[in-house]
Amino acid sequence: MAPERTAAPILVASNRGPVTYSVRPDGGLDAKRGGGGLVSGLSAIGPDAGALWVCAALGDGDREAVRRGVTEPGVRMLDIDADVHADAYQGIANSVLWFVHHMLYQTPLEPVFDQEFRRQWAAYERYNRAFAEALADGAAPGAAVLVQDYHLALVPGMLRELRDDLRIGHFSHTPWAPVDYFRMLPDDIAEQLLRGMLGADRLGFLTRRWADTFTACCDAVVGGLGGARVGVHGLGADADFLRERAHRDDVAERTAALRRQIGGTGERRTIVRVDRTELSKNIVRGLRAYELLLDEHPEWHERVVHLAFAYPSRQDLAVYRDYTAEVARVADSVNSRFSTPGWTPVILHVEDDFARSLAAYRLADVALVNPIRDGMNLVAKEIPVVSDAGCALVLSREAGAHEELGADALTVNPYDVVSTAAALHEALTMPHEERAARTERLAAAATALPPERWFLDQVRELKR
Ligand code: G6P
């Protein structure tokens, strides 16, 4: 007999869940809590709310946990066939939909929508259906269901067919492609995607800009929103959590270690960036801009260090592995051009370490956030909250965060390495008082909508 489940009044669905498991050498399972705004937002509503989070089993540890029936309260992991998941997640979600919304295709070779794409699309449908069925199974009558991101674009429509009593929301954490770019997708697929999303009562986006491009795509491809509502919820940084976490001992240790790596006698400035090693984050152009700064302003030699933290991401995809190697190669070449016995101009860290990221945030004089395109970019919001002495923010106009932070940032066109180098110089030379005043305003804007409120606002709007 199937175990009895209580029906949940609030459900969240996402590919990556709030917890992930690994198998220890002794065969036991270790659970690691996931980070990120959504996790803190949902945890904030508390276990008594009876919420259910449906996510995919992502690796062997997760699959083993499902097999053994190990679960965290309020989390249901779906053990979707590994090949189906790979085609849906790596093939469609990360190699097609992510590329479309971040405008990452490089003509003349990409994109090609061939039979292989159609085969993967069928897997994407199966994977979305598995989520829709699990949600239909776990939802109380009239429950609110919050579906997350491009991985699960078909879920709202599928779920609506199974359960028309539910309130269904969908939230996009990415940018949304402009009409002409979106229409690179085969016509029937573009239509199916939008109709799938429009099965929701409400579609959420991080900025007005992405909500508008989505609406324009619906107008062009399916003749409008068909009664669905569109809303904007600009996820902010969690100030209380960050400030407390950034003052723990492990962060103090990392700060001391970074200071030793930076060297000098405390007078060296720092330019900090922290990203997943992600094509859209534009890390290589950032390093090129820094190289140009050192070329054009020899006065900064020995006086500035670039802390570049680039954490491996999506390494199953060749294009990400190549990009990761390119980042390391360019960082090395800058160092081999400019290093002196007591000075390493670029310190590249690739091992994911949240405490060390916070240490770098605290030390930042300048934050460099230069994505080609980004749904929001929480790093741009976190650094001003945590930085000790105030930091100047060099920010791409293509990051969603620019809508809220642009007034006090130094804005750059992410493709323009010359102007990015000039902005880095301006940031380094900004008078201390101005930097501190701007940082204070940036931190206030960055924390205007903390994760808990971001989440609860959406539930409230959905029930309206
Ligand atoms: C973006 C997406 C998330 C995704 C995250 C990490 O922020 O909006 O849905 O989880 O990147 O990517 P990954 O492929 O590792 O889950």
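Calculation notes
- Residues numbered from 1 in each chain as written.
- Predicted model: local features only at pLDDT ≥ 70, side-chain atom pairs only at ≥ 80, totals over all residues.
- UniProt positions renumbered as here; feature names shortened; annotations may be inferred.
- Helix = DSSP H or I, 4+ residues; strand = E, 2+ residues; numbered from the N terminus.
- Rg over C-alpha atoms; globule rule 2.2 N^0.38 Å.
- Buried ≥ 20, exposed ≤ 12 C-beta atoms within 10 Å, placed from the backbone.
- Contact = placed C-beta atoms within 7 Å.
- Pairing = 2+ DSSP bridges.
- Right-handed = clockwise from strand over helix to strand, strands pointing away.

- In the nomenclature of an unreviewed UniProt entry, the protein chain is known as Trehalose-6-phosphate synthase of Streptomyces boluensis.
- Recorded in UniProt under Sequence similarities (unreviewed entry), the annotation for the protein chain is "Belongs to the glycosyltransferase 20 family."

**Describing the overall build of the protein chain**
- The number of helices and strands found in the protein chain is 18 helices and 15 strands.
- Computed over its C-alpha atoms, the radius of gyration of the protein chain comes to 23 Å, within 12% of the 23 Å expected for a compact globule of 464 residues.
- Taken over 464 residues, the protein chain has a buried fraction of 47%.
- Taking the contacts inside the protein chain whose residues are at least 6 apart along the sequence as the reference set, 77% of them involve residues at least 24 apart.

**Here's the deal with the pairing of strand β7 (residues 167-171)**
- Along β7, four of the five residues are buried, which leaves the element largely enclosed by surrounding structure.
- As defined by bridge partners, strand β6 (residues 139-148) adjoins β7 across five bridges and the pair is classed as parallel. Counted as the bridge partner of Q148 is F171 from β7.
- Crossover β6 to β7 through helix α5 (residues 155-162) is right-handed.

**So, unusual backbone geometry**
- The peptide bond linking T107 to P108 adopts the cis configuration, its omega dihedral lying at 15°.
- Relative to the assigned elements, P108 resides in the loop between α3 (82-101) and α4 (115-138).
- The omega torsion of the bond from E110 to P111 falls at 0°, within 30 degrees of zero and hence cis.
- Its place among the elements puts P111 in the loop between α3 and α4.
- Unlike most non-glycine residues, E302 shows phi in positive territory, near 70°.
- On the basis of neighbour counts, which here come to 16 C-beta atoms within 10 Å, the residue E302 falls in the partly exposed class.

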